Amino acid sequence: MKISIMGTGYVGLSTGVGFAVKGNDVICVDIDQKKVETINSGVSPMFEPHLDGHLKDALKKGKLKATTDVKGAIAETEVSFISVGTPSSEDGSIDLSFIESVARQIGEVLKNKKEYHVIVVKSTVVPGTTDGVVLRNIEKASGKKTGKDFGLCMNPEFLREGRAMDDFLKPDRIVIGESDKRAGNVIEKLYSNFMAPILRTDLKTAEMIKYASNAFLATKISYTNEMGNICKKLGIDVNEVMKGVGMDHRISPHFLKAGVGYGGSCFPKDVEALIWKARELSYEPKLLEEVHRLNDRQKVMIVEQLEKKIPNLKGKTICLLGLAFKPDSDDIREASSIYIIERLLQKGAKVKAYDPKAMEHMRKIHPSVDYMKSAREALENSDACIVVTEWDEFKKLTDADFSKMKSKVILEGRRILDRTKVSKFEGICW
Ligand code: UGA
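Predicted model only: the values in this text are computed from it and were never measured.

Describing the sheet that holds strand β1 (residues 2–6)
Point 1. Strand order in this open sheet of 8 strands is β3-β2-β1-β4-β5-β6-β7-β8, and the pairing throughout is mixed. In this open sheet, the two edge strands, each paired with only one partner strand, are β3 (64–67) and β8 (198–202). Within this sheet the neighbouring strands show an average axis-to-axis angle of 25°, counted without direction.
Point 2. Across 5 bridges, the pairing between β1 and strand β2 (residues 25–29) is parallel. Within the sheet, the bridge partner assigned to I3 lies in β2 and is V26.
Point 3. Strand contacts of helix α9 (residues 203–234): β6 (150–154), β7 (174–178) and β8, with the helix running at about 120° to β8, the strand carrying the most contacts.

Following this line, the structure appears as structure tokens:
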């Protein structure tokens, strides 16, 4: 099938490359000329395992190209995915300005297109957006009618950063919200060579499935962190507890890892947007509010633990291992490290940090931090160390790597250090 993808962020580019891998002809569209050139040269603008390889392959086979030309891309294709950003506004509500603008542009092109076209919203949008803002803008700009001249679908994406290609190509399920049967049939056909159950539903339900999924996963994490905080006081290992809990198939063993809280561009933003939407509807979403609050507290709790060991942090050098919000990613959006560094600096500490991928991004937010070339270098002469991201390479650290620290205060936020290699450290919840 011939597909165009509007927006080349994580979801957009992974979707484009993924559909190309599946044999479709894909045009990725972005307003950023530099990004378009980078993609066309076979390099992904963000670090994502396996994406570059698949991208290069798709370009070589002539299955994918990137462009800034929205008009041409829509005219040449049968299906257009909207995959632009939906950031949070100041008040936590969702900012739909990019969605609105791309819907208008699509409408303007559809005005002169004779063939039937399906527009699919892939961005995470609050329920009511696709058959509200998107539909209204396309119909207004095109002068055409949904269900007759063009079709509208909402197809949420469940891929995770760091595992984007694998998650896209082997999803647990495919959700297709549709304005009408004809549009849904086109998208079901597009997914016919994927091995996953397909759920067809209406537009609003598809939008809510995405929010409900992310809110549930965020809830699972905050719940696990709460159990962890209680377990720590009881002298119980929360990891063992969650192993036992996760063996119940109704619960599942996934997303039961306690630590320094969830970050990234999705959970914090999506939970906030759902809270905002519920309040707009005069409903107080108490559980979600608490999930969010607990997470904010969890992100910086490790600094309080550090103060129990070093009461006055003024002038002390604290080493952070890991800055990205999760391993295999250079993304620091809403990462716990940002808030931990902020707290440490407020308390007069000096911060040294090492991350295999995310240091350049963090330098823009916290320029006063000393960014080091390796974990070992960052640990040297530090008064304490906090492990914030569970990069695989931290698993290999041994007592020898920590031996040059001024004092051996090691706090673990992600349970990555190996007890058989590092003799003394304390976990946030264990
Ligand atoms: C999340 C969802 O998992 C995806 O299904 C969804 O498509 C995506 O958001 C999105 O909406 O675009 P992502 O944010 O990439 O994916 O990363 P996750 O692997 O879900 O991790 C999010 C955060 O939760 C990380 O900071 C991670 O360290 C933390 N986490 C995860 C925990 O603290 N404990 C866990 O057990 C699992």
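Points about unusual backbone geometry
Point 1. Positioned with a positive phi, F255 is a non-glycine residue whose angle comes to about 60°.
Point 2. With respect to the secondary-structure elements, F255 resides in the loop between α10 (238–246) and α11 (267–280).
Point 3. A positive phi angle is found at S282, which is not glycine, with a value near 60°.
Point 4. The topology assignment puts S282 in the loop between α11 and α12 (286–309).

Quick word on a nonpolar patch on the surface
Point 1. On the surface, I230, L234, I236 and V241 cluster together into a nonpolar patch covering about 330 Å² of accessible area.
Point 2. Take I230: it is sitting in helix α9.
Point 3. Judged by its relative accessible area of 45%, I230 is partly exposed.

Some points on helix α8 (residues 181–190)
Point 1. Of all the positions in α8, only A183, G184, I187 and L190 are classed as buried. The buried side chains of α8 occupy one side of the element, clustering within an arc of 115° when seen end-on. Projecting away from the buried face of α8 at angles above 90 degrees are the exposed residues K181 and K189.
Point 2. The N-capping residue of α8, defined by a side-chain oxygen 3.3 Å from the backbone nitrogen of R182, is D180.

Re the site of the ligand
Point 1. Residues in contact with the ligand amount to 20 residues; listed here are only the nearest, F158, L159, E161, K210 and K326.
Point 2. Within the side chain of N214, an N or O atom sits 2.8 Å from an oxygen atom of the ligand.
Point 3. One of the backbone nitrogen or oxygen atoms of F325 is found 2.9 Å away from an oxygen atom of the ligand.
Point 4. Burial of the ligand by the protein chains amounts to 92% of its free accessible area of 720 Å².
Point 5. Looking at the shell around the ligand, the elements that each hand over two or more residues are α9 and α11.
Point 6. A per-class count over the shell around the ligand returns 9 nonpolar, 3 polar and 8 charged.

Brief notes about the layout of surface pockets
Point 1. What the second largest pocket holds in volume is close to 270 Å³.
Point 2. Lining the second largest pocket are N229, K232, K233, M301, E304, Q305, K308, K309, E426 and I428.
Point 3. Counting residues per element, the ones that place at least two in the lining of the second largest pocket are α9 and α12.
Point 4. Broken down by element, the residue count for the lining of the second largest pocket peaks at 5 residues, all from α12.
Point 5. Grouping the constituent residues of the lining of the second largest pocket by class yields 2 nonpolar, 2 polar and 6 charged.

Details of the domain arrangement of the protein chain
Point 1. Segmenting the protein chain into domains produces domain 1 (2–201) and domain 2 (203–430).
Point 2. With 35 residues of domain 1 at the contact, the number on the domain 2 side is 25 residues.
Point 3. Buried area between domain 1 and domain 2, both sides added, is near 2600 Å², and the carbon and sulfur share of it is 62%.
Point 4. With its nearest N and O atoms 3.6 Å apart, the salt bridge here joins R333 to E161.
Point 5. At the junction of domain 1 and domain 2, the tally comes to 9 residue pairs in polar contact (both at pLDDT 80 or more).
Point 6. The set of elements that each furnish at least two residues to the side of domain 1 that touches domain 2 consists of α6 (130–142), β6, β7 and β8.
Point 7. The residue makeup of the side of domain 1 that touches domain 2, split by class, is 16 nonpolar, 12 polar and 7 charged.

A look at the sheet that holds strand β13 (residues 409–412)
Paired through their backbone hydrogen bonds, the strands of a sheet run either parallel or antiparallel.
Point 1. Taken in spatial order, the 6 strands line up as β11-β10-β9-β12-β13-β14 in an open sheet, and their pairing is parallel. Only two strands of the sheet have a single partner each, and these edge strands are β11 (370–371) and β14 (426–427).
Point 2. Where β13 and β14 come together, 2 bridges link them in parallel fashion. Across the sheet, E412 pairs through a bridge with G427, a residue of β14.
Point 3. Set on the sheet, α12 makes contact with β9 (317–321), β12 (384–387), β13 and β14; between it and β13 the angle comes to about 160°.

So, how was this worked out
- Residues numbered from 1 in each chain as written.
- Predicted model: local features only at pLDDT ≥ 70, side-chain atom pairs only at ≥ 80, totals over all residues.
- Heavy atoms only, no water.
- Pairing = 2+ DSSP bridges.
- Helix = DSSP H or I, 4+ residues; strand = E, 2+ residues; numbered from the N terminus.
- Axes fitted to C-alpha atoms, helices over the stretch in contact; angles between N-to-C directions.
- Contact = heavy atoms within 4.5 Å.
- Patch = residues over 30% accessible without salt bridge, like charges linked within 9 Å, V, L, I, M, F, W, Y side chains within 5 Å.
- Areas by Shrake-Rupley, 256 points an atom, 1.4 Å probe, with all protein chains shown as cover.
- Salt bridge = Lys/Arg side-chain N within 4 Å of Asp/Glu carboxyl O.
- Buried < 20%, exposed > 50% of the residue type's maximum accessible area, 1.4 Å probe, protein only.
- Arc of directions from axis to C-beta.
- Polar contact = N/O pair within 3.5 Å; in protein donor to acceptor, adjacent residues only side chain to side chain.
- Near = heavy atom within 4 Å.
- Nonpolar A, V, L, I, M, F, W, Y, C, P; charged D, E, K, R; others polar.
- 1 Å grid on protein atoms, 1.4 Å probe; cavity = no way out; pocket = protein on both sides within 12 Å on 5 of 7 lines; lining within 4 Å.
- Points joined across faces, edges and corners; volume = space filled by probe spheres on them.
- Domains from an automatic or database assignment.
- Buried area = accessible area lost by both parts, 1.4 Å probe.

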